[in-house]
Amino acid sequence: MIIVEPAAERKWRAFKSYAKENILIFASLAAVVLGIVLGVVLRTYVILTDEQQEYIKFPGEILKRMLQFVSVPLITTSVTLGVAGLSINTSRHIALRATFYFTISTVVAVTIGLTLAIIIKPGAVNHLGQDVTGSNTDSSTIDALLDLGRNMVPPDFLQACFQQYQTDKPQVFEGSNSSQNYTADVPRGHYVDGANTLGLIAFAFVLGLAINSLKKKKENVLVLVAKAINDITKAAVNLILRFLPVGVFFMITTRVLEVRDWQTTVNLGKLIAVILTGLIIHGVIVLPMIYILVTRQNPLKVIRGVSPALLTALLIASSSATQPHTLSCCLENNKIDGRIVRFMLPIGTNVNMDGSALYEAAATVFIAQLSHIYLDVTQLFTIGLAAAIASVGAAGIPATGAVTTLFVLTAVGLPVRDAALLVVTEWLLDRFNTVINVLGDCIGVSLVHEMSRQELEKMDKEDMETGRILNKRQEMAQGEKVMGESAAPSTTK
């Protein structure tokens, strides 16, 4: 007897499963609403001193410190493991093409996010005559570029965990006469507080290359240690995220108490417009253009074939959960070689996060603009690199949009007070980010497949030759066995 589950019960069970999987997002959104309500009530009916506001701010500060504590080991171990695991059991040309595509698409996505955020300035507040910078220095572009190179090669790994190099140009008194004083800009370098994220990433990259050059890299102790630290850090992040709704609640309450107008709401709308514009540019123009320039073929066929996977990504907002459907679309609809799909798709799902990287870069600049912080060339480069790495390093962590932006902010040394506002946009933007993530993977798989036809044919021929040799060996072994049995003396009396 077949028991048919009622439609109402089936929908209710599906809803409970969906709510359980996204409980963190729902709790964070509830924390945002309650934080706004509490902040408005306190501003309207209660007069709080600065000391009391500091008490309200304390839980949010604890959340910031915990995320800052785990950001360095998470990002560095992710880079080390990613570079150390580049070598795969397939054609070297295919692996290099896949790596090059992942790198280029991520860099372009980050550049689009930074460029739109800098031009449109979604976090800028119109205060005439205000020119606030992040420091009291007046470093030139050349000094900033030189500092970029110095920080990428830190003299001490431990020092790079908490200090970075910076060149200032203080006004130095040179001399005077009866009517004039003379000053001159003298460059002076020194170390300032804040993790040297560039140096740590460069160190992790070189370490990964060194491990990759070893023959027994999978058995290398450093790989095992890095993987263990990465897994432990991700587990710690998942534990910390249980505190996320509490920290967000107090961050939002503090923000409402401190804000003097509702310009921030308008700025959030601008941020959403900036990110959606960037995603459209990347998904509709950049990715198809890359495919056309490389393959000279129509990308609409590829997009049409994977459209069911894109719809799934829009609905469930998870690249990992969409992966089985994406794999099926690439194999069955677009007829892509299974060796390319099964190699690139799992890697791309965890590494090639174009939409997430674009979001994190734009959101970081948005937070800096809200805090009236001027970003120089070094900081912009660091934000772009940290956003690209964080989009990879935080793979598998729930609420990745807002959380990885917190990682980038703490890694670059920017204030995270206003980052709690991003939770408001998380539910909407994360879905469109995921669509671009999946589309980037599918375009990359199709592109590498078209470029690797000769290698695939060569591999097929080698497999056929290997199969023939094995068949001959089996036939020879079977013939020798038969001859041995026939030549054996009979034991029958």
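Basis of the calculations
- Residues numbered from 1 in each chain as written.
- Predicted model: local features only at pLDDT ≥ 70, side-chain atom pairs only at ≥ 80, totals over all residues.
- Heavy atoms only, no water.
- Phe/Tyr/Trp six-rings, centres within 6.5 Å; stacked < 30°, edge-to-face > 60°.
- Helix = DSSP H or I, 4+ residues; strand = E, 2+ residues; numbered from the N terminus.
- Buried < 20%, exposed > 50% of the residue type's maximum accessible area, 1.4 Å probe, protein only.
- Salt bridge = Lys/Arg side-chain N within 4 Å of Asp/Glu carboxyl O.
- Disulfide = S-S within 2.5 Å.
- Axes fitted to C-alpha atoms, helices over the stretch in contact; angles between N-to-C directions.
- Parallel < 35°, antiparallel > 145°, perpendicular 65-115°, else oblique.
- Left-handed = near helix turned anticlockwise from the far one by under 90°.
- Contact = heavy atoms within 4.5 Å.
- Nonpolar A, V, L, I, M, F, W, Y, C, P; charged D, E, K, R; others polar.
- Expected span 1.5 Å × (residues − 1).
- UniProt positions renumbered as here; feature names shortened; annotations may be inferred.
- Core = buried A, V, L, I, M, F, W, Y, C linked by side-chain atoms within 4.5 Å.

## A few points about the packing of aromatic side chains
As enumerated under the stated definition, the model contains four aromatic pairs in all. The interplanar angle of 85° and the centroid separation of 5.3 Å between the aromatic rings of Tyr 165 and Tyr 191 together place this pair among those described as edge-to-face. Here Tyr 165 is found in strand 1 (residues 163–168), whereas its partner Tyr 191 is found in strand 4 (residues 188–193), with 26 residues between them in sequence. By relative accessible area, Tyr 165 is classed as partly exposed at 22%. Exposure remark for Tyr 191: the relative accessible area of 35% places this residue in the partly exposed category.

## Structural notes on the pattern of salt bridges
This structure, assessed with the given rule, holds three salt bridges. With a closest N to O distance of 3.3 Å, Lys 57 and Glu 54 form a salt bridge. Here the residue Lys 57 and the residue Glu 54 both occupy positions in helix 3 (residues 50–84), the gap between them amounting to three residues, near one helical turn.

## Quick word on unusual backbone geometry
Positive phi, normally seen in glycine, also occurs at Lys 121, with a value near 55°. Looking at the element boundaries, Lys 121 is found in the loop between helix 4 (92–120) and helix 5 (141–152). Exposure remark for Lys 121: the relative accessible area of 46% places this residue in the partly exposed category. The backbone phi angle of Arg 296 is positive, close to 60°, even though this residue is not glycine. Residue placement: Arg 296 occurs in the loop between helix 10 (263–295) and helix 11 (299–305). A relative accessible area of 68% means that Arg 296 is categorised as exposed.

## Examining the state of the cysteines
Under the counting rule described, the total for this entry stands at zero disulfides. In this model Cys 329 remains outside any disulfide bridge; the closest cysteine sulfur is found in Cys 330, 6.9 Å from its own. Looking at Cys 329, the relative accessible area reads 3%, which means it is buried. In this structure Cys 442 is not part of a disulfide, and its nearest cysteine sulfur, from Cys 330, lies 4.2 Å away.

## Some words on the packing of helix 4 against helix 10
Relative to each other, helix 4 and helix 10 sit at 140°, their axes nearing to 10 Å. Judged on the interaxial angle alone, helix 10 and helix 4 are oblique. The interaxial crossing formed by helix 4 with helix 10 has right-handed handedness. For the pair helix 4 and helix 10, contact is made by Tyr 101, Ser 105, Val 108, Ala 109, Ile 112, Leu 116, Ala 117 and Ile 120 and by Val 274, Thr 277, Gly 278, Ile 281, His 282, Val 286 and Leu 287, respectively. Residue classes in the contact of helix 4 with helix 10 are distributed as eleven nonpolar, four polar and no charged.

## Some thoughts on helix 4
Along an α-helix, residues three or four positions apart point the same way, because every turn accommodates 3.6 residues. In this model helix 4 runs 42 Å from its N-terminal to its C-terminal C-alpha over 29 residues, within 8% of the 42 Å that 1.5 Å per residue would give. Trailing helix 4 by a residue or two, Lys 121 shows a phi angle of about 55°, which is positive.

## Considerations on helix 7 (residues 197–212)
For helix 7, which comprises 16 residues, the first-to-last C-alpha distance of 22 Å matches the rise-based estimate of 22 Å (1.5 Å per residue) to within 8%. If you check which residues of helix 7 are buried, you get Thr 197, Leu 198, Gly 199, Leu 200, Ile 201, Ala 202, Ala 204, Gly 208 and Ile 211.

## Comments concerning the UniProt feature "transmembrane region" (unreviewed entry) in the protein chain
UniProt marks residues 23–46, 66–88, 100–120, 195–214, 235–252, 272–294 and 381–409 with the feature "transmembrane region" (unreviewed entry), using the numbering shown here. Secondary structure content for residues 100–120 is 100% helix and 0% strand, while the C-alpha to C-alpha distance between its ends is 30 Å. Helix makes up 100% of residues 272–294 and strand 0%, with an end-to-end C-alpha separation of 32 Å.

## Observations concerning the nonpolar core
Ile 275, Ile 340, Met 344, Leu 375 and Leu 414 are the most contacted members of the largest nonpolar core, which has 91 residues in total. Beyond its immediate stretch of four places on either side in the chain, Leu 375 contacts Val 365, Ala 368, Leu 380, Ile 383 and Leu 414. Within the second largest apolar cluster, six residues are counted, among which are Ile 75, Val 83, Ala 204 and Ile 389.

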